[in-house]
Amino acid sequence: MSSLSPVNPDPTVPATQEAEPLLPRDRPFSRRNLAQAVLCGYVPLVLATLVVFLPLLWMVLSSFKQPGEIITMDLKILPESLNLQNYQIAMTTVPFGQFFLNSTIVTVTGASVKVILAILTAYALVFVRFPFKNAIFVLILVALMVPPQVSILPNYILISGMGGKNTLWGIILPGLGTAFGTFLLRQHFLTLPASILESAEIDGAGHWRRLWRIVVPVSVPSIATVALVTIVSEWNEYIWPLIITDRPDTMTLPVGLTLLQNSEGNASGWGILMAGAVLVIVPILIVFAALQRYIVAGLTQGSVTG
C-alpha cells in the first residue's frame, strides 16, 4: 500500500521548501524604534545643525552688541538692545556700497559665464562625437583634483601682463573654467533618455536646439545646483581678489572686510566686524532660499524621463 504524499498548503511555495517563520516586528512607536530614531537620527542631526548654526547665531547677536558686551568676563548671549550703530559704522567707515557693487558684478558675470560654459562643455562630452573626448574628460577630472592655489602665481603673471591688475575683469577671467560644474552636469546628462534626443534629431533639430529646448529644461535642478555652488564660491572668493587688487574702488566685499578690520582692529571693533560679516552673508542666504527647492530636487532626482 503506497503512502500518501503531504499536501502543500501554498501552491506558490515548492513542496520541498518549508515556509520560513515570520520574524516579529516592533511596533512603530516601540521603545526600541524610538531609541534608534533618537540616537541614530535626531541626535546627530541636532549636533550637526548646532555646529553650523551656533557660530552664525553668535555673529548676528554680536553685531548688535556694544564693546563692553563682547569683551567681558561675564558671558552675555543676548544684546541689551538691538542697536544698529555697528551696521551704520561698518557701512560708512569703508566704501561698502562700492564693495557690494563690485562683488555683484563679479559674481553675476563670473557665475553666468561659468554655468553656460559648464552646460556647453557637458553637452559636448555626452552628445557630440569628436576625437579624444574621453581624454578631455580625464583632463577635466585632473583639473578638479588640482588645488586652485597652484595656479595663483601663473595667473598673476598673466593677468598683470595683460593689464588686468585692479580691474574687475582681472578678477573674473582666471576662474571662468569650472571643472566641478562640467563633471556634475555631464553625469546628469548621461542619465537622460536617449529616445527624446533621437526623436528631436529625426525631426530635424540640431545640437543647439536640442540643448536649449530639451536638455536644459529637464536639467533645471542640476543646473541650479551648479549655479548655487558657483555663486557662493564667486561671492566668497578672497585670495585671488586680494592679490590682484590693492585699490578700494576695485575690491570685493570679502577683501573690503580686511580694510574694515584694519580700521577697527582694536577690541571695540568686534561688533562692527560682525556687522560687516552679516552684511556679506545675507545676499548668499537670499540666493540659497530662492534656489533651495531646485537644489533638493537635483540631489534626490536620479534622472528625468518623459
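All of the points below concern the structure found in this document.

1. Remarks on the packing of aromatic side chains
Part 1: For the structure on display, the rule yields 6 aromatic pairs.
Part 2: The interplanar angle of 65° and the centroid separation of 5.6 Å between the aromatic rings of W208 and W212 together place this pair among those described as edge-to-face. A residue pair is termed a helical-turn pair when its members lie 3 or 4 positions apart in one helix, as W208 and W212 do in helix α10 (residues 207-218) at 4 residues.
Part 3: By relative accessible area, which is 31% here, W212 ends up partly exposed.
Part 4: Here the aromatic residues Y123, F127 and F189 are joined through ring pairs into a cluster of three or more.
Part 5: When the ring centre of F137 is taken as reference, the NZ or CZ atom of R186 above it lies at 3.7 Å.

2. As for the packing of helix α5 (residues 133-145) against helix α8 (residues 179-189)
Part 1: Closest axis-to-axis distance for the α5/α8 pair is 9 Å, and the angle between their directions is 130°. When the interaxial angle is binned, α5 and α8 end up oblique. Handedness of the α5/α8 crossing: left-handed. Mapping the contact onto sequence places F137, I140, L141, A143 and L144 in α5 and A179, F180, T182, F183, R186 and Q187 in α8.
Part 2: Residue composition of the contact of α5 with α8, by class: 8 nonpolar, 2 polar and 1 charged.

3. Quick word on helix α3 (residues 85-93)
Part 1: N86, Y87 and A90 are the residues of α3 that are buried. All buried residues of α3 lie within an arc of 100° about the axis, which places them on one face of the element. Projecting away from the buried face of α3 at angles above 90 degrees are the exposed residues Q88 and T92.

4. Comments concerning the nonpolar core
Part 1: Counting 21 residues, the largest nonpolar core has Y87, A90, F99, W235, L253 and L260 as its most contacted members.
Part 2: At the level of elements, α3, α4 (96-127), α11 (220-236), α13 (253-263) and α14 (270-300) are the ones that each hand at least two residues to this core.
Part 3: When neighbours within four sequence positions are excluded, W235 is seen to be in contact with F100, S103, T104, T107, L253, P254, V280, P283 and I284.
Part 4: Grouped together as the second largest cluster of nonpolar side chains are 16 residues, V115, V215, V226 and A227 included.

5. Some words on helix α6 (residues 152-161)
Part 1: Every buried residue belonging to α6 is among I152, N155 and I159, and all of these are buried. Here the buried residues of α6 occupy an arc of 65° about the axis, which is enough to place them on one side. Seen from the buried face of α6, the exposed residues on the opposite side, beyond 90 degrees, are L153, I157 and G161.

6. Here's the deal with the side chain of N155
Part 1: Position of N155 among the secondary structure elements: in helix α6.
Part 2: Setting aside residues up to four positions removed in sequence, N155 forms contacts with P174 and W240.

7. Concerning the side chain of T245
Part 1: For T245, the location among the structural elements is in the loop between α12 (239-244) and α13.
Part 2: At 2.3 Å, the side chain of T245 forms a polar contact with the backbone oxygen of P241.
Part 3: Apart from the residues within four sequence positions on either side, T245 is in contact with N166, I171, T250 and M251.

8. Focus: the pattern of salt bridges
Part 1: Tallying each qualifying case throughout the model produces 3 salt bridges.
Part 2: Note that R210 and E201 form a salt bridge whose closest N and O atoms lie 3.7 Å from each other.
Part 3: On the basis of relative accessibility, which here comes to 48%, the residue E201 falls in the partly exposed class.

Calculation notes
- Residues numbered from 1 in each chain as written.
- Predicted model: local features only at pLDDT ≥ 70, side-chain atom pairs only at ≥ 80, totals over all residues.
- Heavy atoms only, no water.
- Phe/Tyr/Trp six-rings, centres within 6.5 Å; stacked < 30°, edge-to-face > 60°.
- Helix = DSSP H or I, 4+ residues; strand = E, 2+ residues; numbered from the N terminus.
- Buried < 20%, exposed > 50% of the residue type's maximum accessible area, 1.4 Å probe, protein only.
- Lys NZ or Arg CZ within 6 Å of the ring centre and 35° of its normal.
- Axes fitted to C-alpha atoms, helices over the stretch in contact; angles between N-to-C directions.
- Parallel < 35°, antiparallel > 145°, perpendicular 65-115°, else oblique.
- Left-handed = near helix turned anticlockwise from the far one by under 90°.
- Contact = heavy atoms within 4.5 Å.
- Nonpolar A, V, L, I, M, F, W, Y, C, P; charged D, E, K, R; others polar.
- Arc of directions from axis to C-beta.
- Core = buried A, V, L, I, M, F, W, Y, C linked by side-chain atoms within 4.5 Å.
- Polar contact = N/O pair within 3.5 Å; in protein donor to acceptor, adjacent residues only side chain to side chain.
- Salt bridge = Lys/Arg side-chain N within 4 Å of Asp/Glu carboxyl O.

All quantities given are derived from atomic positions and should not be read as evidence of function.
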